[in-house]
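Residue-level listing of the chains:
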Amino acid sequence: MFVANKDDHSVLAIDATRESKYTCPGCGQFVILRHGQTRLSHFAHHAGADCEVFSEGETQAHLTGKTRIFNWCRKNHLAVKLEAYLPELHQRPDILVNWHHHWTAIEFQCSPISLEKLSERTRGYYEHGYKVWWILGPTYLARKLTLEKLSKFSYFQKSLNLFISFYNPTNDQFLVKHHLTQDLFGKIRWVDYNFVPDKKAFNELFRQDNQYDVLKSYHAYREALELQRRLLGRYTDPRLRKVQNFCYLHHLNLAGCPWLIHGRLFEFPTGVTTPLEIKVRFLVKLTQVSSKRSFSYQEFFAWFEYISGSSMLKFPNVARQKINVEMNFQQFLAELLSNEVVQLDHECYRINKLPCWYRDLTQKLNFFPA
Ligand SMILES: [Zn+2]
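Model, not experiment: these values are computed from the prediction.

**Student:** Hey, could you run me through the overall build of the chain in this one?
**Tutor:** Along the chain, the regular secondary structure elements total eleven helices and 16 strands. Dimensions along the principal axes, computed over C-alpha positions, put the chain at roughly 85 × 45 × 40 Å. Counting across all 370 residues of the chain, residues that qualify as buried make up 31%. In the chain, of all internal contacts separated by at least 6 residues, the share reaching a separation of at least 24 is 59%.

Structure, rendered in structure tokens:
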């Protein structure tokens, strides 16, 4: 941390002297001053000190990042506070900045944080009228982006869709991974936007009327081949094997699954069940019910929800109505309607014609819809 207390005054580490004693504004315990040739001057708790307010491990990357972001805000004439202690929340954001007339806490996160802790802190900010922007440091950049990290730190904005922010203070590069989606196999996909932070770049980034054509590169044909390749591969993903076994039980070959399964990318990663499994099981379910019956929207959606499983991802930084499993369902339902698998009849759905399930990939490719 860069700011500590001395007799009820805040003191910056660079102005502090070894002769004086300083305390943590959060917990009140004495802290140590660290001056160094290579490290930035900062305060640290004694080893083993239990501080709830200030628990982030102070790596060099964290200190440098905080300093850079703070200096950047000042350079751009934004009202900004470094490590401002917010007593009503009992929290201390790395940076507090007035961005577009709104006080926003910036958390430059370099160390791991549990979902519970993150949700609690995020909620704290929102409840007290602050916004919070979690920006991830180099340690996160170096590691794989998992569904768990994605759900914790991502935001939703109209032009960027689901996005997550990274900053590398070493080369002063900002990276936004936007349009985060999950492909058929559950792999996370996104579009990179790399830039050196300046006001224009930020305004450009968040412009509402930006249009990104991210789904264009997608081809059903290629994906059908990819599915076959994965099924024949030496190491089959256990999630894929599970779907394959499900198909065998129903005397179906997964490689020959209907073309509409390769409709398009799912909009949102919502849980651990892969889109492939959800679609396959939904279609099989359709084959098991009578074509004479009609179904309400709610009934269909209940199937979809059930198949999606109970371990849904939680997005502490995204409003519930912005992203949920129902949106994925509506997309799939639209696909079923446009392929005339189901028909809408007086606000009820009726099964019209079941999609063709092919013997194998070869046969399936012969029927590639033009
Ligand atoms: Zn403390």
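**Student:** So what exactly am I meant to see when it comes to the domain arrangement of the chain here?
**Tutor:** Accessible area lost during the coming together of the parts is what is often quoted as the interface size. Taken domain by domain, the chain holds domain 1 (1-55), domain 2 (57-215) and domain 3 (220-366). Taken residue by residue, the interface counts eleven residues in domain 1 and eleven residues in domain 2. Looking at the side of domain 1 that touches domain 2 residue by residue, the class counts come to eight nonpolar, two polar and one charged.

**Student:** What exactly am I supposed to notice about the nonpolar core here?
**Tutor:** A general tendency of soluble globular proteins is for nonpolar side chains to be buried together. With 43 residues, the main nonpolar core has A4, I95, I106 and I135 as its most contacted residues. Per-element tally for this core: the top contributor is strand β11 (residues 161-168), with five residues. When near neighbours in sequence (up to four residues on either side) are disregarded, I95 contacts K66, I69, F70, C73, V80, L82 and I106. If you look at the next biggest cluster of nonpolar residues, it comprises 24 residues, including L276, F282, V342 and L361.

Conventions adopted
- Residues numbered from 1 in each chain as written.
- Predicted model: local features only at pLDDT ≥ 70, side-chain atom pairs only at ≥ 80, totals over all residues.
- Helix = DSSP H or I, 4+ residues; strand = E, 2+ residues; numbered from the N terminus.
- Buried ≥ 20, exposed ≤ 12 C-beta atoms within 10 Å, placed from the backbone.
- Contact = placed C-beta atoms within 7 Å.
- Domains from an automatic or database assignment.
- Nonpolar A, V, L, I, M, F, W, Y, C, P; charged D, E, K, R; others polar.
- Core = buried A, V, L, I, M, F, W, Y, C linked by C-beta atoms within 7 Å.

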